[in-house]
Amino acid sequence: QVQVGESGGGLVQPGGSLRLSCAASGFSLDTYVIGWFRQAPGKEREGVSCMADSDDITYYKGSVEGRFTISRDVAKNTMFLQMNSLKPEDTAVYYCAATPGLAECNPADFDSWGQGAQVTVSS
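None of the values given here were measured: they were computed from a predicted structure.

1. A short note on the overall build of the protein
Alright, step 1. Secondary structure assignment for the protein yields zero helices and eleven strands.
Alright, step 2. Written out in order from the N terminus, the α and β elements of the protein read β-β-β-β-β-β-β-β-β-β-β.
Alright, step 3. Its C-alpha radius of gyration of 13 Å places the protein within 12% of the 14 Å reference for a compact globule of 123 residues.
Alright, step 4. Seen through its C-alpha atoms, the protein measures out along the principal axes to roughly 40 × 25 × 25 Å.
Alright, step 5. When the 123 residues of the protein are sorted by exposure, 44% land in the buried category.
Alright, step 6. Sequence separation of 24 or more characterises 56% of the internal contacts of the protein that already satisfy a separation of 6 or more.
Alright, step 7. Of the roughly 6,100 Å² that the protein leaves accessible, carbon and sulfur atoms contribute 46%.
Alright, step 8. Put simply, the protein has 9 plus and 14 minus side-chain charges, and the middle of one group is 8 Å from the middle of the other.

Next comes the structure, spelled out in structure tokens:
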């Protein structure tokens, strides 16, 4: 019954912005570690950004730091990834995930996964 699901992917030009949303059900996001991950063709799934159950504890992959922002709206039980200044190398399927336990921003540490949202950055 613990589920998350992404929305907001699409096609955007380099330098543009997208906001991914992830609705959670069956649990409260403020009690979980949350994260955004991505998988590009031919590459392993990697952590993009993660946030502890305290909003001031965050992690960003170095290549997205300063461009992406992770956040959550507890009242709506929804998490977000704001992506600005997008680059072609950001093209990937993006996944939201959550776990109740201690976690690094590593896919293996997360229990509940969305289905993925395609983000394509291209002219």
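2. Overview of the nonpolar core
Alright, step 1. Ranked by size, the top nonpolar core spans 28 residues in total, and within it Trp36, Phe68, Ile70, Met79, Leu81, Met83 and Tyr94 carry the most contacts.
Alright, step 2. At the level of elements, β3 (18-25), β4 (33-39), β5 (46-51), β7 (68-73), β8 (78-83), β9 (92-99) and β11 (117-121) are the ones that each hand at least two residues to this core.
Alright, step 3. Listed in part, the six residues of the second largest apolar core include Val33, Phe37, Cys105 and Phe110.

3. Considering the side chain of arginine 72
Alright, step 1. Structurally, arginine 72 is set in strand β7.
Alright, step 2. Overall, arginine 72 belongs to the buried group, its relative accessible area being 9%.
Alright, step 3. Engagement of the side chain of arginine 72 in a polar contact is seen with the backbone oxygen of leucine 29, the distance being 2.9 Å.
Alright, step 4. If we skip the residues at most four places from it in the chain, arginine 72 touches Leu29, Asp30, Tyr32, Ile34, Met51, Ala52, Asp53, Ser54, Asp55, Thr78 and Met79.

4. Thoughts on unusual backbone geometry
Alright, step 1. Of note, asparagine 77 is a non-glycine position whose phi angle comes to about 50 degrees, a positive value.
Alright, step 2. Mapped onto the fold, asparagine 77 is located in the loop between β7 and β8.
Alright, step 3. We classify asparagine 77 as buried; its relative accessible area is 15%.
Alright, step 4. The phi dihedral of serine 85 falls on the positive side, at around 50 degrees, and the residue is not glycine.
Alright, step 5. Tracing the backbone shows serine 85 in the loop between β8 and β9.

5. Considering the pairing of β5
Alright, step 1. In terms of residue burial, β5 counts as a mostly covered element, since five of its six residues are buried.
Alright, step 2. Across five bridges, the pairing between β4 and β5 is antiparallel. From the neighbouring strand, tryptophan 36 faces β5, where its bridge partner is serine 49.
Alright, step 3. In this antiparallel pair of consecutive strands, β4 and β5, the connection spans six residues, and glycine 42 shows a positive phi of 80 degrees.
Alright, step 4. Here three bridges tie β5 to strand β6 (residues 58-60), and the two strands are oriented antiparallel to one another. If you follow cysteine 50 over to β6, its bridge partner there is tyrosine 59.

6. Focus on the state of the cysteines
Alright, step 1. In the structure shown here, the tally under the stated rule is two disulfides.
Alright, step 2. Cysteine 22 shares a disulfide with cysteine 96; S-S distance 2.0 Å. Every disulfide takes its handedness from the sign of the S-S torsion; for cysteine 22 and cysteine 96 that torsion is 65 degrees, giving right-handed. Of the two residues, cysteine 22 sits in strand β3 while cysteine 96 sits in strand β9, which places them 74 residues apart along the sequence. The pair cysteine 22 / cysteine 96 is uniform in exposure class, with both members buried.

Rules used throughout
Residue positions are counted from 1 within each chain, in the order its sequence is given. Per-residue local features of the predicted model are confined to residues with pLDDT of at least 70, and side-chain atom pairs are confined, for both listing and counting, to 80 or more; whole-chain, interface and lining totals are unaffected and use all residues. Calculated side-chain values reflect all of the structure's heavy atoms, with hydrogen atoms and water omitted. Helix and strand labels come from DSSP, where a helix needs a run of H or I of at least four residues and a strand needs a run of E of at least two; each type is numbered from the N terminus. Radius of gyration here is computed from C-alpha atoms only, and the compact-globule reference equals 2.2 Å multiplied by the residue count raised to the power 0.38. Buried, partly exposed and exposed residues are distinguished by accessible area as a fraction of the type maximum, computed with a 1.4 Å probe on protein chains only: under 20%, between the cut-offs, and over 50%, respectively. Only heavy atoms enter the contact rule, under which two residues are in contact if any of them lie within 4.5 Å. To be clear on the numbers: accessible area is Shrake-Rupley with a 1.4 Å probe, and residue cover counts the displayed protein chains and nothing else. Residues scored as charged are limited to Lys and Arg (positive) and Asp and Glu (negative), so that His and the chain ends carry no count. Lys charges are placed at NZ, Arg charges at CZ, Asp charges at CG and Glu charges at CD. Residue types Ala, Val, Leu, Ile, Met, Phe, Trp, Tyr and Cys, when buried and joined through side-chain atoms within 4.5 Å, form a set referred to as a nonpolar core. The term polar contact refers here to a pair of N or O atoms within 3.5 Å; inside protein, the definition further demands a hydrogen-donor-capable atom paired with an acceptor-capable atom, and it admits residues adjacent in sequence only when both atoms are side-chain atoms. By the convention used here, strands pair only if DSSP detects at least 2 bridges between them. Any cysteine sulfur atom paired with another within 2.5 Å is treated as part of a disulfide.

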